[in-house]
Amino acid sequence: MRIGGKQKPKRRMEEPGAATGLVLPPLAEFKWQRHAGAATRAGWAGVGRRLPSLVARAFRLAWRADRLDTVVCLVLNVAAGIATATALVATAGVLERLLAAGPTPERVWAALPALAWLAGAALLRGVLSAGAGWAQARLEPKVARVAEIELLELTTRVELRAFDDEGFHDGLHRAYMRGVDEAQRVMSLSVDMLTGLISLAAACGVLGVLHPVLIPLLILAVLPEAWAASAAARIRYVWLLALITGDRRKRMLDWIMTDRSTSAEIRSYTMRRPLLAEYAHLSAHIVDTQMGVARKQAWVRLGGDAAAGAAIVGVFTALGALLATGAMELAVAGAAVVAIRTGQNAISNLLASANRTYESGLYFDDYLSFLDRARARLPAPAAAPAPADFTEITVDRATFCYPGQDTAALTEVSLRIRKGQVIALVGENGSGKTTLSKLLAGLYTPTSGTVCWDGTDLAEVDTEGLRHHIGVIAQEHSHWPLTARRNVTMSSPDDPTRLEGAARVADAHAVVDNLDHGWDTLLDKRYEGGVDLSGGQWQRLAAARGFYRDAPLLICDEPTAALDARAEHKLFTAIHDHARATGSAVVLITHRLASVAMADHIHVLDAGRIIEHGTHDQLMAAQGLYAELYTIQASAYQRPEAETVHD
Ligand SMILES: Nc1ncnc2c1ncn2[C@@H]1O[C@H](COP(=O)(O)OP(=O)(O)OP(=O)(O)O)[C@@H](O)[C@H]1O
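Residues numbered from 1 in each chain as written. Predicted model: local features only at pLDDT ≥ 70, side-chain atom pairs only at ≥ 80, totals over all residues. Heavy atoms only, no water.

**Quick look at the side chain of Lys142**
What counts, and what does not: For the purposes of this entry, the term helix denotes a DSSP run of H or I that reaches at least four residues, the term strand denotes a run of E that reaches at least two, and both are numbered from the N terminus. Distance and chemistry together define a polar contact, namely a pair of N or O atoms within 3.5 Å, with one atom able to donate a hydrogen and the other to accept it when in protein, and with adjacent residues in sequence counting only for side-chain atoms on both sides. Two residues form a contact once any of their heavy atoms are found within 4.5 Å.
Relative to the elements of secondary structure, Lys142 occurs in helix 4 (residues 104–155). In terms of polar contacts, Lys142 uses its side chain to reach the side chain of Asp69, at 2.8 Å. Those residues in contact with Lys142 that sit more than four places away from it in its chain are Ala65, Asp66 and Asp69.

**Examining the packing of helix 15 (residues 535–548) against helix 16 (residues 565–582)**
The test is simple: Think of each axis as a best-fit line through the C-alpha atoms, taken over the contacting stretch in the case of a helix, with angles from 0 to 180 degrees between the N-to-C directions. Roughly parallel refers to an angle under 35 degrees, roughly antiparallel to one over 145, roughly perpendicular to one between 65 and 115, and oblique to any angle outside these ranges. Amino acids outside the nonpolar list (Ala, Val, Leu, Ile, Met, Phe, Trp, Tyr, Cys, Pro) and the charged list (Asp, Glu, Lys, Arg) are all regarded as polar, and Gly is one of them.
Running from N to C, helix 15 and helix 16 point in directions that differ by 5 degrees, and their axes come no closer than 12 Å. Relative to helix 16, the element helix 15 is oriented roughly parallel. On helix 16, the residues touching Arg540, Ala543 and Phe547 of helix 15 are Ala567, Leu571, Ile575 and His578. Per-class residue counts for the contact of helix 15 with helix 16 are 5 nonpolar, 1 polar and 1 charged.

**Comments concerning the UniProt feature "domain: ABC transporter" (unreviewed entry) in the protein chain**
Going by this rule: UniProt positions are given in the numbering used here, feature names are shortened, and annotations may be inferred rather than shown by experiment.
Within the UniProt annotation, "domain: ABC transporter" (unreviewed entry) is assigned to residues 393–632. End C-alpha to end C-alpha, residues 393–632 measures 32 Å, and it is 35% helix and 24% strand.

**With respect to the site of the ligand**
Let me state the cut-off plainly: Distances are taken per atom, and a residue is near a molecule or strand as soon as one of its heavy atoms is within 4 Å of it. Areas reported here follow the Shrake-Rupley algorithm with a probe of radius 1.4 Å; residue values treat only the protein chains shown as occluding.
Neighbouring residues of the ligand: 14 residues in total, closest Asp164, Gly430, Lys433, Thr434 and Thr435. Gly430 has a polar backbone atom sitting 2.9 Å from an oxygen atom of the ligand. One nitrogen or oxygen atom from the main chain of Gly432 is found 3.0 Å from an oxygen atom belonging to the ligand. In the complex, 66% of the free accessible area of the ligand, which totals 630 Å², lies under the protein chains.

**Focus on empty space enclosed by the protein**
Just so we agree on the cut-off: Cavities and pockets are defined on a 1 Å grid built over the protein atoms alone: a cavity is a set of grid points where a 1.4 Å probe fits but cannot escape, while a pocket is an open set with protein on both sides within 12 Å along at least five of seven lines, and lining residues are those with an atom within 4 Å of any such point. Grid points are joined across faces, edges and corners, and a volume is the space filled by probe spheres set on the points.
Scanning the model with the defined rule gives 2 cavities of 30 Å³ or more in all. Roughly 60 Å³ of volume is contained in the largest cavity. Class assignment for the residues of the lining of the largest cavity results in 7 nonpolar, 3 polar and no charged. Considering only enclosed or pocket space, the second largest cavity measures out at about 30 Å³ in volume.

**Some details on the packing of helix 4 against helix 5 (residues 166–210)**
The condition that has to hold: Left-handed describes a crossing whose near helix is turned anticlockwise from the far helix through less than a right angle; right-handed describes the clockwise counterpart.
Viewed as axis vectors pointing N to C, helix 4 and helix 5 meet at an angle of 155 degrees, and their least axial separation amounts to 9 Å. Regarding the angle of helix 4 to helix 5, the classification is roughly antiparallel. Every pair of crossing elements has a handedness; the one defined by helix 4 and helix 5 is right-handed. Contact with helix 4, carried on its side by Gln136, Leu139, Glu140, Pro141, Val143, Ala144, Ala147, Glu148, Leu151, Leu152 and Thr155, involves Leu172, Ala175, Tyr176, Val180, Ala183, Gln184, Met187, Ser188, Val191 and Asp192 of helix 5 and no other residues of that element. Classifying every residue of the contact of helix 4 with helix 5 by side-chain character gives 14 nonpolar, 4 polar and 3 charged.

Structure representation (structure tokens):
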């Protein structure tokens, strides 16, 4: 150690990746933003062709959301348009009187009735527009609500198989992420277009009455405005498009850095610096893009304003020529200027909202086609009510193929389950156990073959009714953001005695006893007063949920994967006791073969087929796959001889 000399500053340890960030791989477009480019590419002809059907469908939705508000909104907008036309006519009257020959006081007196008329029309237009805006504001959330509820009603009713279909899932995602919001936007933009159209019609009507030559003049004045509006709308979409990639990455980073599920690993793997560096890099890129777009926008705006100014000069020149030749009176020319300005504003609003309706309409279309797709996947109306109980369940040559898969997950599987029996399904990973349990639970219908309760084919009965009579302790159970009580009782009625019983069987009462508010504790840490549980504690609640159903069939798919050895043993014993005590049938899926040995009958699956079945003793004697798996597992618990030999 040097004393008294200058100490070299210590070099700060750079964390790996700190300078450059994570360098995310290129991310494809979010699926719900897939139409982002279409609006920039669409011509006005394409926009015009699609608009009528879009508007019609949006108004059908509005009609379902609230008929009165829809009618009020339309009527008030039309009435406001009529008030605009009236105000324009009154303006012409005022100018005619004011610009007539004679002393000024007399001209002012003569103009007063027309002025009063103008003031009344302007006031009425203001009131009607405010009323129309109010009705529109009331309608928008109602349309969004109807659109969302319709989507959720269908997604919770479609057959479970639909969620294994990539196309369906993709459509759902797009409809939910963008389509629902766009439904209300298409509706309100359609109203804006209607308002623009009515104002334009009012301006045209008034100009036609004042002098026929004024209509072509309006068109001349409006053309540059239309071009500028269209260019401005395109710039807006190009801007959005340019930001999509960066924005997508930024959102992904936002999520990674703020989500609870990633918070521990960000710290364990010291990811903070690379993540922040990537974030800073992206933010800089987004700001650069915005600057470039702002520059382009300024140029287009300048060009648009110059063209509109030139058109106005043209209009004024034409009006001047008409005045000079005596073809038009000064008062008429004055009113024409006002009407032309109104027309210009109307067309600008009309084109901007038409362009935006077109883009929103693409996403709205996604929403509507998803609804059609979901309706096609609703279970067929049940021919018969579901049986409440059974003596025997028969699976007869059931084959099941997941959507989009070439190989069947189950092939010609047959088995029987009697009341009071514990049936075990055993096999290596991917052999088809969970798929078979879902067929038994009425969640999937076999592609061919049948699952019957005492001869009643479950494919023919009301599936929702059937599920009330089946309890499932699922391998991948949900952590419901509800109270502990609701996590067990779910949609069944509250029954404190049954709840205590189910909790005791599943050993969940010990979990709940330790919670501050017992059964009324909220199991979601994201909310005030909420708590989280350990994996094993969640599993005990999931087991209690299965027992609480009190159904004639209980399906337990890997019910002990997260449990400690003592809890596991207790639960398997409880499952067997449950079958004996209640007479229910239990289907047990587990890789813990020591617990399977107690089952009344064991079915061994391999590549989707049952390759052997029998009692534990019969299967061990057969020396097949079961015996092999059992022996491998049992030998893991025996200490190697070498270790037991002492010198
Ligand atoms: N949703 C799905 N879509 C497509 N294929 C699936 C789906 N779920 C399962 N499979 C396939 O079906 C086959 C059977 O899967 P299953 O989950 O029934 O097996 P398992 O015996 O329960 O496996 P494990 O012991 O790992 O839980 C596997 O080949 C699996 O890849």
